[in-house]
Amino acid sequence: MTIQVEPEVRIVKERLTGPTATGIKPLLISGEPSQRGHHINAAWHNGKPGRNPSALFLNDRLLTARLALRASGDSEGETHALWAGAAVLTALTGVFHLDPVPHLMRRYVPARDTHLRRTAENLSAAIGSVQRHDPELFGTLVELLRGLVDHDIERLLVTRPELGDVMLAFDEDALGTTPAREMSDGMLRFLAITTSLLTGGDGLELGPTVSFGPARS
């Protein structure tokens, strides 16, 4: 996809490629912008002999998102195009955007707040949920953490005071217990990113895509 950003955001070019009954082929491909300023012409695959059908699309949004309004799906080729478009849209709408803010992760958080937020401020609760509901996944997280540090980590803990809030900590054996409020920015970012990749940012279910914002303190 090629996008113009000034003087206004417009799609200049878009191409969707995917599987068909006869191999990988272009399923949606844009042409030249229309003289009607806010439109662009695009053709889609229908699997039939001759030219593919085409139509004008608004150029201020993803053409793939409008394909279902143009293609009828009455041929096998159009069905392949519609399926590929739906797969792309599912992936895009399922993106979890992560922008970890370490100083927010050093606080106690309610144990029930388990869906990882964009800032990862509730990291302790999210990891606590994984520990309770998916011990195998929690074990993977611990092993990845051990591979990061240059000293032994006995356990990854989620401490639970009487008020019901939780805070992440790890047990370093002879070095004692290090709570989240004493962990480095790098350690907290690593735990936030690793947790989001393992869980898709949704507590337990693996999501299709995770995007990352700039590192902030």
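Residues numbered from 1 in each chain as written. Predicted model: local features only at pLDDT ≥ 70, side-chain atom pairs only at ≥ 80, totals over all residues. Heavy atoms only, no water.

Caption draft 1: Highlighting helix α5 (residues 185-199). Look at α5: 21 Å from first C-alpha to last across 15 residues, which is about the 21 Å you get at 1.5 Å a residue. Of the residues making up α5, those classed as buried are Met187, Leu188, Leu191, Ala192, Thr194, Thr195, Ser196 and Thr199. (Helix = DSSP H or I, 4+ residues; strand = E, 2+ residues; numbered from the N terminus. Expected span 1.5 Å × (residues − 1). Buried < 20%, exposed > 50% of the residue type's maximum accessible area, 1.4 Å probe, protein only.)

Caption draft 2: Main features of the packing of aromatic side chains. Applying the stated criterion across every chain yields a total of one aromatic pair. Taking NZ or CZ as reference, arginine 70 lies 5.1 Å from the ring centre of phenylalanine 57, over its face. (Phe/Tyr/Trp six-rings, centres within 6.5 Å; stacked < 30°, edge-to-face > 60°. Lys NZ or Arg CZ within 6 Å of the ring centre and 35° of its normal.)

Caption draft 3: Representation of helix α4 (residues 135-148) within the structure. With 14 residues, α4 ought to run about 20 Å at 1.5 Å a step, and its terminal C-alpha atoms sit 20 Å apart, in line with that. If you check which residues of α4 are buried, you get Leu137, Phe138, Leu141, Val142 and Leu145. Each buried residue of α4 sits inside an arc of 145° when the element is viewed along its axis, so together they form one side. For α4, the exposed residues lying more than 90 degrees away from the buried face are Glu136 and Gly147. For α4, the secondary structure elements touched by its buried residues are α3 (123-133), β9 (155-159), β10 (165-171) and α5. (Arc of directions from axis to C-beta. Contact = heavy atoms within 4.5 Å.)

Caption draft 4: Representation of the pattern of salt bridges in the model. Applying the stated rule across the entire model yields six salt bridges. Among the salt bridges present, the one from arginine 106 reaches aspartate 185, with a minimum N-O distance of 2.6 Å. Of this pair, arginine 106 sits in the loop between β7 (95-98) and β8 (109-110) while aspartate 185 sits in helix α5, and the two are 79 residues apart along the sequence. The class for aspartate 185 is partly exposed, based on a relative accessible area of 27%. A salt bridge links aspartate 171 to arginine 155; the shortest N-O distance between them is 3.4 Å. Within this pair, whereas aspartate 171 is found in strand β10, its partner arginine 155 is found in strand β9, the two being separated by 16 residues in sequence. Accessibility expressed as a relative area gives 47% for arginine 155, which makes it partly exposed. (Salt bridge = Lys/Arg side-chain N within 4 Å of Asp/Glu carboxyl O.)

Caption draft 5: Fine view of the sheet that holds strand β6 (residues 54-58). Here we have four strands laid out as an open sheet, ordered β3-β4-β5-β6, and antiparallel in their pairing. Two strands bound the open sheet, and with one partner strand each, they are β3 (15-20) and β6. Each strand axis lies, on average, 30° off the axis of its neighbour in the sheet, ignoring direction. Sheet analysis places β3 next to strand β4 (residues 23-33), joined by six bridges and oriented antiparallel. Counterpart to glycine 18 in the pairing with β4 is lysine 25. Along the sheet, helix α1 (residues 63-70) contacts β3, β4, β5 (39-44) and β6; its crossing angle with β6, the most-contacted strand, is approximately 130°. Each of β3, β4 and β5 is contacted by helix α2 (residues 76-93), which is oriented at about 120° to β3, the strand it contacts most. (Pairing = 2+ DSSP bridges. Axes fitted to C-alpha atoms, helices over the stretch in contact; angles between N-to-C directions.)

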